There are 2 protein chains.
Amino acid sequence: MKKTLLLLALVALPAIAGEGKWTPQQVLELDPGWLKKQGLQVPPKRLWDPKRGTGLLAGTVNVGGCSGAFISSTGLVITNHHCVFSIVQEHSSPQRDLITQGFLATSREAELPGKGARIQVPRSFTDVTKEVLASVPAGADDLARYRAIDRKQKELVAECEKRPATRCQVATFDGGLQYVLVDSVELRDVRLVYAPPRAVGEFGGEEDNWMWPRHTGDFSIIRAYTAPDGSSAAYSEKNVPFKAEFFFPLATRGVKPGDFVMVLGYPGITFRALLAEEMAERQARFYPRIIDVYGELIRILEEEGDKDPAGKIAVASTLKSLHNRYKNAGGQLAGLKRGRIIEKHREAEEAVVRWAEKNGQHAEALRARAELRSRIEGMGKTWEREFQLGNLRAGAKGQALAVLLARLARERALPDLERRPEFMERELARLKDQVEREQKNLFLPAEKRLLQAFVRRAQALGPEERIAAVDKHFGAKASEKEVAAKIDAMYAGTKVLTLAERMAMFTETAAQLQARKDPLLAYALDLATEVAALEELRDRRDGAAQRLRPVWRRAVLAHAGKPVAPDANSTLRVSFARVQGYAPRDGVFHTPQTTLSGVLAKHTGAEPFDVPDKLLAAADAKRFGPWVDPALKDVPVDFLSDADTTGGNSGSPTVNGKGELVGVNFDRVWENVANDFGFNPDVARNVSVDVRYVLWMLDQVEDADALLRELGVRKGPPVAQEKR
Amino acid sequence: MKKTLLLLALVALPAIAGEGKWTPQQVLELDPGWLKKQGLQVPPKRLWDPKRGTGLLAGTVNVGGCSGAFISSTGLVITNHHCVFSIVQEHSSPQRDLITQGFLATSREAELPGKGARIQVPRSFTDVTKEVLASVPAGADDLARYRAIDRKQKELVAECEKRPATRCQVATFDGGLQYVLVDSVELRDVRLVYAPPRAVGEFGGEEDNWMWPRHTGDFSIIRAYTAPDGSSAAYSEKNVPFKAEFFFPLATRGVKPGDFVMVLGYPGITFRALLAEEMAERQARFYPRIIDVYGELIRILEEEGDKDPAGKIAVASTLKSLHNRYKNAGGQLAGLKRGRIIEKHREAEEAVVRWAEKNGQHAEALRARAELRSRIEGMGKTWEREFQLGNLRAGAKGQALAVLLARLARERALPDLERRPEFMERELARLKDQVEREQKNLFLPAEKRLLQAFVRRAQALGPEERIAAVDKHFGAKASEKEVAAKIDAMYAGTKVLTLAERMAMFTETAAQLQARKDPLLAYALDLATEVAALEELRDRRDGAAQRLRPVWRRAVLAHAGKPVAPDANSTLRVSFARVQGYAPRDGVFHTPQTTLSGVLAKHTGAEPFDVPDKLLAAADAKRFGPWVDPALKDVPVDFLSDADTTGGNSGSPTVNGKGELVGVNFDRVWENVANDFGFNPDVARNVSVDVRYVLWMLDQVEDADALLRELGVRKGPPVAQEKR
């Protein structure tokens, strides 16, 4: 092993690049010399040319809330296993258990179309700040401001989406300092090409989730198709592979510690532009309550699942998502404390305040900050009620579905542009699909206990924050037993959990729903009224924030005097990073790469550490092929870098300085969960699958010759060339 | 931070020195050039001069089964907190809780004498192999061989101990290839000078035991006293500090990663000279049964302790020792597997066999090996019975004490040289003390359940391995309930648990004990007969091993063709090592030093992570004094090196190449427990308290000025010099 490589593997390098999820535009504003010094070997313009809407970033796509990357000119996209799991699930049956076995299409014809699977390819970013702000009438109060901005955004999107196969959004930066219209091509024929066995794609399961050392092969390969003329089209046998102008060649030599990498993708949401006091509020109330409430939900689902094998399967997906948020909340709290993130934020904020006070130009910013701070307190009185009404989706599915149907019925009565975004026409197909899919997650005994838990918490609310629907339908002071009896009756009498009935309800008016005299619907219609009222309250509050935060942020940015990457908002970003480990605690260092030996060392034969036989066979026989890391003398599996990522970066391509794919991002480490609030360079590490593990799987485990040839990794007659 | 230092902290260095617990004589046989290259800066002769019985090794003492080191010419000895805990306990009371508060003698007069505390200072090592072997009569069978050797050893010890204040032992090397008479001066006036609060000395408790990262300040300082004429004497106010000719100056600059260190001390017992098949037998039966039986005992003590606060205190010490062995057994099994220790041993053994077969000279050795292997099978039939009778001490105290009294009564009837070693006159004072001390560990509800567990296991034994005493006193097929009733009656009727009565029994004959008609004693007298018979069986077996193993080992050593360090046998040894970390698993590296920040990070305010206020105050105020490590920028706490240690090395001085004390050894890491069977350089790491943590505690936390001056660390008026 070369000494320098070894040393790099073991040393925490100074964070020179990590912080910042840069927008495509900002990349062009950064000093090209600095970028070159970091390790970028192509001109920044190769990343993104805003005029033409082209460049490597155009190869970075949105895969249903995840990120992904074109890796061939023939429409192949690599993303995470968990991002396209629903396609695997859709085609899986007890007779053909693709979930367990994995799937490799042996020909183009064999690829599996994913119902509702979509890929969005970025086309252009247009600053629409002036138009958006101009829409606010003079003298508008906060609610009117919110509504004007909301409507303008919807109009811009509607106009943009007149172009065929187009998906648009207006993204808000720095709380409203800038609005950008994002225009993407939506590809609607997406097919599964390769998914590893679940025991590879989810190796380590909940236990390893958010953790390092990690040994998960969380990747899958899909392909986008278009009509023969290249236009986006729904699934058809006549369709042809999408011709990707920009794609990431695979870096077959992989990465080594110290290497420069970029993570490209669509990070969802972060909170770094919040005031320190706003962060403190989340720390003090929000995350502890998530742990409290979600912890209870998890306990209920686990207990009920343990009583019934079919129930266990039904609740599995819900449990997974609850666990994920629960663990995340714990990580946020631990990370905020460990990184002193709020304290540091407060210090930085105070530096801006001192500067603004001296400067004199920013009196308005100081007033805005003061008002934002004063508004935090106002939220106190009904905070618990808001939390409970705001988290209906995490609880009983019947309640959540019934409320959704009730809300949909009322919203649909409004003109499209006046509806809440999630109920607009452009969303209804997807929403309908969701309402249908929930069927497989229903499990009545768990349902009832989840609702009971919700009612119990609602009953305990203070006099100023009653949930009237609960008081009306269950009784404000009803005993547990009485509530249980009412819940039994409600579930006995409802048709919401019957698929055909529910799908019929999806198109009904509020009056029709009411006329059904369905007890769960009756309760939900009342509850929906309260939710809608609460949302109006929130709109007003958001209107105030839209009025205040940009003013404050303008001062913050002026004080910085250099480009500052904005909070994540599901738009395309780039993070510059380096492959490196970190010290999770005194006396311990997490080295930045894991290996196939580590996979075997974790193998117990039982979930979630049950390595598939074909992988074991290849590993035991040391059939490494050309995918051995020369320093590790083993097949590399996952690696760490200090990229600035968050949820939504799942499936992000991790690429080297030449723009070649070296890995697929799929997680952050536990110590780094709180980077949503602030970047702590000591522990800011994202986790990627090493491209060589992807290639080793395809080559040595799956014999995926055709695919490897298509990826440009193998030439000529494949089998003869390899030593097997 | 200097880059090289950082790198050294993070890299697993090639094991160049680690393996081998060398005897003083062997150190002189090793290549001095090699030792110098390792980092030894003094001539090997400075370590040990066998003619004069002097050198640095003479400063390494035995402290009641632990190791220790003189650190001043005035009799100060440093060892582990857990090695002198009994002195702290002896002087502790609810009114003066030295256990919790710790203790610092403010003057010589204030030092606390330890009842029964002893220090043995090595004086000479004499090869007595010829005499021992000559004692075996021609044609002796295995039992006669064992008895002849046993008797000869006792005679040599008795002769040796005629000299005043002398403690001797005949140590066996390589299964009987060599016998060495070890002659030590025994100092009998030992006083406590400093013990840290338990929350420092045992920081991390069971949870961190055997673990890294570690943050325990497991050290204490005692002082040896002699009569004014320098001769060893019992405690007296007239006594004066022992004048130590050899002692270890404190290396106030500490150690850094990569530094050469030596660990000196009295390692207890290791098993590396066993045949691979003998190791495999331990792996297959012994350790799993320890985990099974001790696990049950632990469960009982914890359950009963949880019911009663006084009971919890009573069982605490027993629990600690059970936990330690339980965890150790798990570590042995994990380490044997991880290090492929038995496989490697088998390969090495087979290499010797092949060599011997070719060589022709060692036919006898091959026969000896074959017979040793064949004897393993013979043990199968009554293995379970032997295990149970061999582990009485771990179970019910009443049973163990009663059996001890019964055996003592019978042994005392024999001439001293014919008794088993533990019942010889020279041991009786210590034994009496033990029998007295057990009083504080008694807790009747736990007692009864422990005995019940023993009876249940005995009842389950096969027909060839019945324990007759159990069948007689409880019934071979008695129900749990019947047994419980008999145990109740036994404990209701016995006086063994009454201190004064028990101490009277200590001097009684078997007939007197029998005449008491004490039901527990009656049972124990029967059980003791079986134990004695079993011991004879074992003596015969040991006689066979004494006949066979040296023959095989001679071939092994001849094959090696270079010095091979023998198994530990509680005699003085040196291990040469380097400060370095290790990789416990894929993706993780344990760095070799921990810091005060790490102590604070573990602090929860609750046991076992409850940092004392005075330490917190000093740490929070960053009152580091001169004890900061320049690379760590923090006070170092514990460090790792690859020294070859085992039980008995507790309290061993860890010294640098100049012979200065850099730390006090107190543990091995979990991954290294199985080094008792073979050295695995990848994970062979011992844990020492850094001398700078010792000094920081004395200086910044305890204000122990006088002590620091005596240690040569502080000169002149101390307080004025320090920034506080």
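Our subject is the structure that appears above.
Within each chain, residue numbers correspond to sequence positions counted from 1 in written order. Ligands are numbered from 1 and chains lettered from A, in the order in which they are written. Where local features are concerned, this predicted model is filtered to residues with pLDDT of at least 70; where side-chain atom pairs are given and counted, the filter is 80 or more; whole-chain, interface and lining totals use all residues. The side-chain numbers reported here are obtained from all heavy atoms of the structure, hydrogens and water having been left aside.

A. A look at unusual backbone geometry. Here the amide bond leading from Glu607(A) into Pro608(A) is cis, since omega sits at 0°, within 30 degrees of zero. By the criteria applied, helices consist of DSSP H or I runs no shorter than four residues and strands consist of E runs no shorter than two, each listed in order from the N terminus. Here Pro608(A) shows up in the loop between helix 24 (596-602) and helix 25 (613-620). A cis amide bond links Trp212(B) to the next residue, Pro213(B), at an omega of 0°. Take Pro213(B): it is sitting in the loop between helix 10 (205-208) and strand 10 (220-226). The phi dihedral of Trp210(B) is positive, around 70°, even though this residue is not glycine. Inspection of the secondary structure assignment puts Trp210(B) in the loop between helix 10 and strand 10. Per-residue accessibility, obtained with a 1.4 Å probe over protein chains only, is compared with the maximum for each type, and a residue is labelled buried under 20%, exposed over 50%, and partly exposed between these values. For Trp210(B), a relative accessible area of 7% corresponds to the buried category.

B. Structural context of the sheet that holds strand 13 (residues 573-578) of chain B. Residue and element names in this part refer to chain B. The strand order 13-12-18-19-20-17-16 describes an open sheet built from seven strands, whose pairing is antiparallel. Of all strands in the sheet, those with a lone pairing partner are strand 13 and strand 16 (593-595), marking the two edges. Within this sheet the neighbouring strands show an average axis-to-axis angle of 30°, counted without direction. Strand pairing is defined by DSSP finding a minimum of two bridges between the two strands. As paired strands, strand 17 (residues 636-641) and strand 20 (residues 686-690) are joined by four bridges and run antiparallel to one another. When the bridges of strand 20 are listed, Leu 640 appears paired with Val 687. Throughout, a contact is declared for two residues whenever any of their heavy atoms are within 4.5 Å. In this analysis, axes come from line fits to C-alpha atoms, helices being fitted only over the stretch in contact, and the angle between any two N-to-C directions falls in the range 0 to 180 degrees. Against the sheet, helix 26 (residues 691-701) touches strand 16, strand 17, strand 19 (661-668) and strand 20, its axis set at about 35° to strand 20.

C. Seen up close, the environment of Glu245(B). Along the chain, Glu245(B) falls in the loop between strand 11 (240-241) and strand 12 (260-265). Contact partners of Glu245(B), with chain neighbours within four places excluded, come to Arg52(B) and Thr54(B).

D. Local environment of the environment of Leu297(A). Residue and element names in this part refer to chain A. Residue position: Leu 297 is located in helix 11 (residues 276-306). Taking the relative accessible area as the measure of exposure, Leu 297 reaches 7% and is therefore buried. Along the backbone, Leu 297 and Arg 449 are 152 residues apart, and their C-alpha atoms lie at a distance of 8.9 Å. Contact partners of Leu 297, with chain neighbours within four places excluded, come to Leu 322, Ala 394, Gly 395 and Leu 450.

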